Structure formats: structure tokens, C-alpha cells
Amino acid sequence: MDGELAAFLNQRFEETRRHFDVVAEGLRGEIRVVAEGHLGLGRQLQELREENESAHRAILSAVKFSYAELPGAHPARGRPRGGGTERPDLSSPQGRQ
């Protein structure tokens, strides 16, 4: 009986091992697909960051140019001088009124 039991257990072990190998190979394929997708998303994110940075620079440049064109703008700083166009100082109690 011990020989039969050993043969039965050996057969079950081999079946379990084959099943595990099939499942593991399937998981390898799925992990590969996820990794490739992750790389693609990383590339897309980098492209979006670069586009955003470029657009941000263009907007800042346009704002600086437009602000410098305001009447009374200080030539070096691009800020208006006098004439009531300055912002109130909100850090003082007089400026908050």
C-alpha cells in the first residue's frame, strides 16, 4: 500500500506542478502587458509635462509683454507707476479699508 500511496502522491504532485507552471506563464504574460502599458503611460506623461511647460512659458511671455505695454509701466520691471494703478497694501490696516 505504501508504494501505491507514494505513486498516487507523486502523480498529484506532478499534476499540481504542471498546473502551477501554466498559471505562472499566464501571469508572466499579463505582467509583461502591464509593464509595457506603464512605460507607455510614463512617456505620455512626460510629453504632457513638456507641452505644459512650453505653454506655460508662452503664457508668461505674453503676460509680461502685455503688462509692459500698459500706460505708465516701469521699463525695467514692467510695473505701472503712480496714477492709481498700483495695488493697495493689504498688509496694513489702512490698505484693507
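To start, this report covers the structure provided alongside it. (Residues numbered from 1 in each chain as written. Predicted model: local features only at pLDDT ≥ 70, side-chain atom pairs only at ≥ 80, totals over all residues. Heavy atoms only, no water.)

**Digging into the overall build of the protein chain**
Okay, so step 1: For the protein chain, the count of helices and strands is 1 helix and 0 strands.
Okay, so step 2: When the accessible surface of the protein chain is totalled, it reaches about 9,100 Å², and 58% of it is carbon and sulfur. (Helix = DSSP H or I, 4+ residues; strand = E, 2+ residues; numbered from the N terminus. Areas by Shrake-Rupley, 256 points an atom, 1.4 Å probe, with all protein chains shown as cover.)

**Thoughts on the pattern of salt bridges**
Okay, so step 1: As enumerated under the stated definition, the model contains 4 salt bridges in all.
Okay, so step 2: We note a salt bridge from Asp-21 to Arg-17, for which the minimum N-O separation is 3.4 Å. With Asp-21 and Arg-17 both in helix α1 (residues 2-68), this residue pair falls 4 residues apart, about one helical turn.
Okay, so step 3: Accessibility expressed as a relative area gives 44% for Arg-17, which makes it partly exposed.
Okay, so step 4: With its nearest N and O atoms 2.7 Å apart, the salt bridge here joins Arg-28 to Glu-25. (Salt bridge = Lys/Arg side-chain N within 4 Å of Asp/Glu carboxyl O. Buried < 20%, exposed > 50% of the residue type's maximum accessible area, 1.4 Å probe, protein only.)

**Structural notes on a nonpolar patch on the surface**
Okay, so step 1: Together, Leu-5, Phe-8 and Leu-9 line one region of the surface with nonpolar side chains, adding up to about 300 Å² of accessible area.
Okay, so step 2: Under the relative-accessibility criterion, Leu-5 is labelled partly exposed at 47%. (Patch = residues over 30% accessible without salt bridge, like charges linked within 9 Å, V, L, I, M, F, W, Y side chains within 5 Å.)

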